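# Structural overview
Chain by chain, the residues:
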Amino acid sequence: MERNSKFGKVLGVFIGVVLLLTFLSKSIYNYQLPIVSVSMPKQGNMSFTIEGTAEVAYSRVNSKYADVDGRVKEILVKTGDEVHKGQCIMLLETAGTGEVTEIVTNEAGVITSIGVKEGMYVSSMQNTIIYEIAEKSEEWMVALFIDDEQLEYVEKKGTATVEIEDSREQFTGEIQSVISYAGQNKEGYLVQVAIHSEKMDIAGKQARVTICKESDEYETLIPIAALRKDVTGYYVLALHEEDSVLGEGYVAHRMSVDLLDSDESNCAVRGLPTDEIVIVSATGEIADGSKVYYEGEGAE
């Protein structure tokens, strides 16, 4: 009886040691594995954002050309001046006769630029712009330059947010037009955005323009960090459970997908079951078949 009791105690100690060693072995083993974070695929839309700076300008500006030949004798206004209809803008000495001719405006508005200087000779044959005048109104225009890649996310009659940089005042603008542009060592498109404001002092100020567009809804969205690519194409590593001598664990399993679209944070894919848990990041290098450590029961 005493012998059986001693044997039972020894067996109990042995089993305890085995369990302890198994626990320690599993702990050390798991500690050495790459730790992963995961995510579940979801339905949803992607958001595309285009940002840039532009100058606030009058929406309607008319250019005035020289209709006589002569030399500019005196300029009576400067950029930013508000003028009334019939006001004299400058004096010209007519070629040949030397007679002084008044150049008067036939409309009220704000002088936005002077295209000549005193002493300069102008000719009606050269289409010389002598000044530009803007109609005073509550409508303003900003022109944002975009490239070919951004063009697909801009729609005429869409909206944009315009923020005056020094005052942080925000406006919701409407995209009026998208015009092909080439010049000054760059090519692309000018997006004309109209805003409304009673404040005349915003003319010429710098503004931050933001255009946002949401995609159609996709069945399968995953974080862009979960998408991988090699010579054979796009793929993800899915988190699969695995049984081993040390108990349950996890392994990375490669799954090929087709990339449909992407934005700064998510991508839409095809070929991935929506119940698959995808690996977003790992503390070490992992590939198809890599054993990994995941501490959790689900995924975000």
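Residues numbered from 1 in each chain as written. Predicted model: local features only at pLDDT ≥ 70, side-chain atom pairs only at ≥ 80, totals over all residues. Heavy atoms only, no water.

## Remarks on the packing of aromatic side chains
- Here the structure, examined in full by the defined rule, presents four aromatic pairs.
- Ring geometry for Phe48 against Tyr153: centres 4.2 Å apart, planes inclined by 10°, an arrangement best described as stacked. Of this pair, Phe48 sits in strand β3 (residues 47-55) while Tyr153 sits in the loop between α2 (148-151) and β14 (159-164), and the two are 105 residues apart along the sequence. Each member of the pair, Phe48 together with Tyr153, is buried.
- Seen in terms of ring centroids, Tyr250 and Tyr294 are 5.7 Å apart; in terms of plane orientation they differ by 85°. Their pairing is edge-to-face. Of the two residues, Tyr250 is situated in strand β21 (residues 247-256) and Tyr294 in the segment after β25 (291-292); the sequence distance between them amounts to 44 residues.
- For Tyr250, a relative accessible area of 21% gives the class partly exposed. (Phe/Tyr/Trp six-rings, centres within 6.5 Å; stacked < 30°, edge-to-face > 60°. Helix = DSSP H or I, 4+ residues; strand = E, 2+ residues; numbered from the N terminus. Buried < 20%, exposed > 50% of the residue type's maximum accessible area, 1.4 Å probe, protein only.)

## Some words on the nonpolar core
- Counting 30 residues, the largest nonpolar core has Val191 and Ile211 as its most contacted members.
- Taken together, the elements giving at least two residues each to this core come down to β3, β13 (139-146), β14, β15 (170-183), β16 (186-196), β17 (206-214) and β18 (218-223).
- Once residues within four sequence positions are removed from consideration, Ile211 is found in contact with Phe48, Thr49, Ile50, Leu144, Tyr153, Val154, Thr159, Ala160, Ile175 and Val191. (Core = buried A, V, L, I, M, F, W, Y, C linked by side-chain atoms within 4.5 Å. Contact = heavy atoms within 4.5 Å.)

## What to know about the side chain of Lys64
- With respect to the helices and strands, Lys64 occurs in strand β5 (residues 61-65).
- A distance of 3.4 Å separates a polar atom in the side chain of Lys64 from a polar atom in the side chain of Asn106.
- A polar atom in the side chain of Lys64 sits 2.9 Å from the side chain of Glu107.
- Once residues lying within four places of it in the same chain are set aside, the contact partners of Lys64 are Asn106, Glu107, Thr128, Ile129, Ile130, Tyr131 and Ile133. (Polar contact = N/O pair within 3.5 Å; in protein donor to acceptor, adjacent residues only side chain to side chain.)

## Regarding the pattern of salt bridges
- Under the definition given, this model contains 15 salt bridges.
- Here Arg60 and Glu139 are joined by a salt bridge, their closest N and O atoms 3.2 Å apart. Taken as a pair, Arg60 in the loop between β4 (57-58) and β5 and Glu139 in strand β13 lie far apart in primary sequence, 79 residues in all.
- Overall, Arg60 belongs to the partly exposed group, its relative accessible area being 36%. (Salt bridge = Lys/Arg side-chain N within 4 Å of Asp/Glu carboxyl O.)

## Some details on the sheet that holds strand β11 (residues 121-122)
- Strand order in the open sheet made by the four strands is β9-β8-β6-β11, with antiparallel pairing throughout. Here the strands that pair on one side only, and so sit at the sheet edges, are β9 (100-104) and β11.
- Strand direction decides the pairing type here: strand β8 (residues 88-94) and β9, joined by five bridges, are antiparallel. Each bridged residue has a counterpart across the sheet, and for Leu92 the counterpart in β9 is Thr101. (Pairing = 2+ DSSP bridges.)

## Considering the sheet that holds strand β7 (residues 82-83)
- The strand order β5-β12-β10-β7 describes an open sheet built from four strands, whose pairing is antiparallel. On the outer flanks of this sheet lie β5 and β7, each paired with one strand and no other.
- Sheet analysis places β7 next to strand β10 (residues 109-114), joined by two bridges and oriented antiparallel. When the bridges of β10 are listed, Val83 appears paired with Gly109.

Geometric descriptors of this kind do not, in isolation, establish any biological role.
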